[in-house]
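# A structural walkthrough
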Amino acid sequence: MIDYSALLMIWRRDMIRLSRDRAQIAGSLARPILWLLVLGFGLGSAFPGFHGIPYISYLFPGIIAMNLLFASFLSAISIIWDREFGFLKEMLVAPISRISIAVGKAASGATVSFLQGCLVLAFIPLVGVSIGPWRLLAGLPVMLLIAFAMTSLGLLVASRMSSFEGFGTIANFVIMPMFFLSGAVFPLATAPRALQMVGLINPLSYGVDLLRWLFLGVRQFPLMLDFSVLLLFTAAAVGGAVWAFCRRL
Amino acid sequence: MNPPAIEVSHLVKRYNGLTAVDDLSFDVQPGELFGFLGPNGAGKTTTIHILCTLLAPSSGSASVAGFDCLNQPRQVRQSLGIIFQDPSLDERLTAWENLEFHGMIYHMPKLLRRERMEAVLDLVDLGERRHSIVRTYSGGMKRRLEVARGLMHQPRVLFLDEPTIGLDPQTRRRIWDLFKQLRAQLGMTLFLTTHSMEEASQCGRVAIIDRGELLALDSPQALVAAHRAENLEKVFLTLTGHGLRDEEVSGPERMRDQVRRLKRWR
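Residues numbered from 1 in each chain as written. Chains lettered and ligands numbered in written order. Predicted model: local features only at pLDDT ≥ 70, side-chain atom pairs only at ≥ 80, totals over all residues. Heavy atoms only, no water.

### Describing the overall build of chain A
- Looking only at helices and strands, chain A features ten helices and zero strands.
- Starting at the N terminus and walking to the C terminus, you meet the elements of chain A as α-α-α-α-α-α-α-α-α-α.
- Taking 18 Å as the expected radius of gyration for a compact globule of 249 residues, we find that chain A reaches 18 Å, a close match to that expectation.
- If one aligns the C-alpha atoms of chain A with their principal axes, the spans along those axes are about 60 × 35 × 35 Å. (Helix = DSSP H or I, 4+ residues; strand = E, 2+ residues; numbered from the N terminus. Rg over C-alpha atoms; globule rule 2.2 N^0.38 Å.)

What follows is the structure, encoded as structure tokens:
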């Protein structure tokens, strides 16, 4: 069903495009800087933080998740881009399965997003987080998983959209609540009940929780729950993206 | 005997209450240069998209190279090439990368792929610019690259949806010479839509359609003779009327179309 040479080429094409897109690379660096500066240093200097951890350190895993989330949705736009500029047709008339195209786009989007998440790791020395090499290494597959899940979700949304503007509007309604209600910026445990409930159904909460446990040693949910939710959600999102692709495109 | 290169039988396509293709039937023989004419919005591109497996018909059937478009899409796609009406290159890649992509998704082994890439680039005279980003190409160069790409896997049936639109006479002539060469050397079947009656006159047979229905199908000479007309354009106008046409597309699609046109002429 999956055509690996086609999948690889679809992935490679998006990598070539990324390497030529300086603005996207610059943007992926600027985003965490802004959030860390404004929230981390600005807000952080006004109150002590949580669990005895300085706020900027507490925020840091959330910022990694944030960059993954934003980058994932931005790379999902490429499917609208491909449709708008006709290149999608080149893929659709080729003797390859729709699944290969969907998985190829999810893989390339997730890679781009993962790389942008890794850029955030460069700020570790500035935010007072001390993390051993093994925990850092363990963080990478978690980041990749989050990237895959969010990109697939983005593709699912993008494949239902016919314009950049439409996608931008919907994406904001998905990205913003997902980010703010994932425990990335404040702990869900002490939040009002209603917000907590939303946080519990937000799959990103479990990704943030895992990252925070790896980076800072504190967590809210059982590890098994974090892993299971993340894996299940990734599988569901990839499946959803494939389904939307086969149906709509 | 070989199956027809293209077989369309009682084909119907409706969308949103609009009948784009209405009980269309015709055959195209292998090696034929077939012209598919009609005013804007007549259903030409819709028919091509059904033949290329991009759209499913509402009823009726269509086949390419003996394979059914609805039930054997993979074999159909393997047998056909298409030069789309609208640009479909990745403009951020080089010509070489665009062709490499094409070769990979058509499962061409590396050696054959490289050989064909060289060959088609030479054919359209873009060998020296192969490593330039496509965005820096002129309109004619982009079109030539699309043609080169469409030929790379040597399809048995090549669809050309207004392949020479917006090109200067030099490029147009060049591309036409190429088409003739391909038919002579490879026996390729060419299915062409065009608004140029001069180009249509060079086809072996032409079909004239309007509002999704077939109005006439014969050689250009026979059509001119049968209508006692001076030329093919007169036949075309007699059959399809003198009124102006709008392309029947939905709101957002129309807007996208306009954006695309603006981009093309930029």
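### Digging into the packing of aromatic side chains
- Following the criterion strictly, the structure yields 19 aromatic pairs over all chains and no others.
- Pairing Phe 87 of chain A with Phe 101 of chain B gives two aromatic rings, centres 5.0 Å apart and planes at 65°, and the pair type is edge-to-face. Linking Phe 87 of chain A in helix H4 (residues 87–92) with Phe 101 of chain B in helix H3 (residues 95–105), this pair reaches from one chain into another.
- By relative accessible area, which is 2% here, Phe 87 of chain A ends up buried.
- What makes Phe 101 of chain B buried here is its relative accessible area of 0%.
- On the basis of an interplanar angle of 45° and a centroid distance of 5.5 Å, the ring pair of Phe 26 of chain B and Phe 36 of chain B is categorised as tilted. Here the residue Phe 26 of chain B occupies a position in strand S2 (residues 18–28), and Phe 36 of chain B occupies one in strand S3 (residues 33–37), the gap between them amounting to ten residues. Accessibility assignment for this pair places Phe 26 of chain B and Phe 36 of chain B in one class, buried.
- Cluster of aromatic residues (ring-pair linked, three or more members): Phe 26, Phe 34, Phe 36, Phe 159 and Phe 191 of chain B.
- For Arg 135 of chain A, the ring lying beneath its charged end belongs to Trp 213 of chain A, and the centroid distance is 4.6 Å. (Phe/Tyr/Trp six-rings, centres within 6.5 Å; stacked < 30°, edge-to-face > 60°. Buried < 20%, exposed > 50% of the residue type's maximum accessible area, 1.4 Å probe, protein only. Lys NZ or Arg CZ within 6 Å of the ring centre and 35° of its normal.)

### Regarding the packing of helix H2 (residues 22–43) of chain A against helix H5 (residues 98–120) of chain A
Residues and elements named next belong to chain A.
- Taken N-terminus to C-terminus, the directions of H2 and H5 make an angle of 45°; their axes are 9 Å apart at the nearest point. The orientation of H2 relative to H5 falls into the category oblique. Read as a crossing pair, H2 and H5 show a hand that is right-handed. For the pair formed by H2 and H5, the contact residues are Gln 24, Ile 25, Ser 28, Leu 29, Arg 31 and Pro 32 on the first element and Val 112, Gln 116, Leu 119 and Val 120 on the second. (Axes fitted to C-alpha atoms, helices over the stretch in contact; angles between N-to-C directions. Parallel < 35°, antiparallel > 145°, perpendicular 65-115°, else oblique. Left-handed = near helix turned anticlockwise from the far one by under 90°. Contact = heavy atoms within 4.5 Å.)

### Side note on the sheet that holds strand S10 (residues 213–218) of chain B
Residues and elements named next belong to chain B.
- Taken in spatial order, the six strands make up an open sheet running S6-S7-S8-S3-S9-S10, and their pairing is mixed. Every interior strand has two partners, whereas the edge strands, strand S6 (80–83) and S10, have only one. Strand-to-strand twist of the sheet, defined as the mean angle between neighbouring strand axes without regard to direction, takes the value 15°.
- Where S3 lies against strand S9 (residues 205–210), four bridges are found, and the strand directions are parallel. Counterpart to Phe 36 in the pairing with S9 is Ala 207.
- Where helix H5 (residues 139–151) meets the sheet, it contacts S6 and strand S7 (157–161), and its direction lies at approximately 175° from that of S6. (Pairing = 2+ DSSP bridges.)

### Observations regarding the pairing of S2 of chain B
Residue and element names in this part refer to chain B.
- Across seven bridges, the pairing between strand S1 (residues 6–15) and S2 is antiparallel. Within S2, the position partnered with Arg 14 by the bridge is Thr 19.
- Following S1, the chain reverses through two residues before pairing antiparallel with S2; Asn 16 in that reversal takes a positive phi of roughly 40°.

### A few points about the confidence of the model for chain B
- In this model, chain B carries an average pLDDT of 88, and 92% of its residues clear a pLDDT of 70 or more.
- Per-residue pLDDT, averaged within each element of chain B, yields its smallest value for helix H10 (residues 251–265) of chain B (51) and its largest for H3 of chain B (96). (pLDDT = per-residue confidence, 0-100.)

### Describing the side chain of His 102 of chain B
- Position of His 102 of chain B among the secondary structure elements: in helix H3.
- A polar contact is formed between the side chain of His 102 of chain B and the backbone oxygen of Arg 149 of chain B, at a distance of 3.2 Å. (Polar contact = N/O pair within 3.5 Å; in protein donor to acceptor, adjacent residues only side chain to side chain.)

### Quick look at the sheet that holds S2 of chain B
Residue and element names in this part refer to chain B.
- In spatial order, the strands read S2-S1-S4-S5; together these four strands make up an open sheet with antiparallel pairing. Two strands bound the open sheet, and with one partner strand each, they are S2 and strand S5 (67–68).
- Against the sheet, helix H1 (residues 44–51) makes contact with S1, S2 and strand S4 (59–64), and its axis sits at roughly 115° relative to S1, the strand it touches most.

### Some words on the confidence of the model for chain A
- Residues with a pLDDT of 70 or more make up 99% of chain A, whose mean pLDDT is 90.
- Of all helices and strands in chain A, the one with the weakest mean pLDDT is H2 of chain A (86), whereas helix H9 (residues 203–216) of chain A scores best (95).

### Topic: the nonpolar core
- Counting residues in hydrophobic clusters, the biggest one holds 151 residues, and the most contacted among them are Phe 60 and Phe 215 of chain A together with Ile 6, Phe 159 and Phe 191 of chain B.
- In terms of residues, this core owes the most to one element, helix H3 (residues 55–84) of chain A, which gives 16 residues.
- Apart from residues no more than four positions distant in its own chain, Phe 60 of chain A is found in contact with Leu 36, Val 120, Leu 121, Phe 123, Ile 124, Val 127, Val 129 and Phe 215 of chain A. (Core = buried A, V, L, I, M, F, W, Y, C linked by side-chain atoms within 4.5 Å.)

### Concerning the pattern of salt bridges
- Counted according to the given criterion, the structure contains 21 salt bridges over all chains.
- Linking Glu 100 of chain B and Arg 114 of chain B is a salt bridge whose minimum nitrogen-to-oxygen distance equals 3.2 Å. Separated by 14 residues along the polypeptide, Glu 100 of chain B in helix H3 and Arg 114 of chain B in helix H4 (residues 110–123) bring together distant segments of the chain.
- Residue Glu 100 of chain B is classed as buried on the basis of its relative accessible area, which comes to 5%.
- Ionic contacts of the salt-bridge type, sharing partners, join the residues Arg 13, Asp 14, Arg 17, Asp 82 and Lys 105 of chain A together with Asp 90 of chain B into one network. (Salt bridge = Lys/Arg side-chain N within 4 Å of Asp/Glu carboxyl O.)

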